[in-house]
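Chain by chain, the residues run as shown.
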Amino acid sequence: MNQLTVKKVEFYGDETACVTLDSGISKIQVFCHLCEHREGDKVENLLRVLDAEVKAAYLSDWSAEVKRQKSRERIEQTGPYSYVGCGTVVDRENGIIQVNGFCIEIGDLPTEDPVEFEIDRLDLW
């Protein structure tokens, strides 16, 4: 896995921070506790979730055009550290998806095909 670049760290406690990460494709903000990262640091490209819901992005009998549209990678912030979107399964056994250059350990995955997700909190460890 490649690395992510820390673009910004906003501490709101001695060890807790909002960290902005850049994948080279897009940027996101994640929660970080026991944060020792600084702007410009490189970090492992493996984020984790506090809680998430995942489902198949489409059904097998849908048309190829609809499958293409529904499987487009996207990640949209819905609140502090929470996101919705669609990602590609890169390691089903370990529950890892990739979306816009970010690898996310999300848990049990229902399929090898693209998945839609709703993440309550995205964390950098």
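It should be emphasised that the depicted structure is a prediction, and the values quoted were computed from it without experimental measurement.

Caption draft 1: Highlighting the environment of Tyr81. Summarising the element assignment, Tyr81 is placed in the loop between β7 (74-79) and β8 (82-91). Within the structure, Tyr81 has its side chain in polar contact with the side chain of Tyr12 (distance 3.0 Å).

Caption draft 2: View of a nonpolar patch on the surface. Side chains of Leu59, Trp62 and Val66 sit close together on the surface and give an oily, nonpolar patch of about 250 Å² of accessible area. Mapped onto the elements, Trp62 comes out in the loop between β6 (52-56) and α1 (64-70). A residue is classified by how much of its surface remains accessible, and Trp62, at 34% relative accessible area, is partly exposed.

Caption draft 3: Here's a closer look at unusual backbone geometry. One non-glycine residue with positive phi stands out, namely Leu34, at about 65°. In this fold, Leu34 is placed in the loop between β3 (27-33) and β4 (42-44). Even without a glycine there, the phi angle at Tyr81 is positive, about 70°. By relative accessible area, Tyr81 is classed as buried at 11%.

Caption draft 4: Spotlight on the pattern of salt bridges. Tallied over the entire structure, the rule returns seven salt bridges. One salt bridge in this structure joins Glu65 and Arg68, with 2.7 Å as the shortest N-O distance. Of this pair, Glu65 and Arg68 both sit in helix α1, separated by three residues, roughly a single helical turn. We classify Glu65 as partly exposed; its relative accessible area is 40%. Residue class for Arg68 comes out exposed when judged on its relative accessible area of 53%. One salt bridge in this structure joins Arg74 and Glu76, with 3.9 Å as the shortest N-O distance. Relative accessible area serves as the criterion here: at 41%, Glu76 is assigned to the partly exposed category.

Reading guide: rules and limits
- Residues numbered from 1 in each chain as written.
- Predicted model: local features only at pLDDT ≥ 70, side-chain atom pairs only at ≥ 80, totals over all residues.
- Heavy atoms only, no water.
- Helix = DSSP H or I, 4+ residues; strand = E, 2+ residues; numbered from the N terminus.
- Polar contact = N/O pair within 3.5 Å; in protein donor to acceptor, adjacent residues only side chain to side chain.
- Patch = residues over 30% accessible without salt bridge, like charges linked within 9 Å, V, L, I, M, F, W, Y side chains within 5 Å.
- Areas by Shrake-Rupley, 256 points an atom, 1.4 Å probe, with all protein chains shown as cover.
- Salt bridge = Lys/Arg side-chain N within 4 Å of Asp/Glu carboxyl O.
- Buried < 20%, exposed > 50% of the residue type's maximum accessible area, 1.4 Å probe, protein only.

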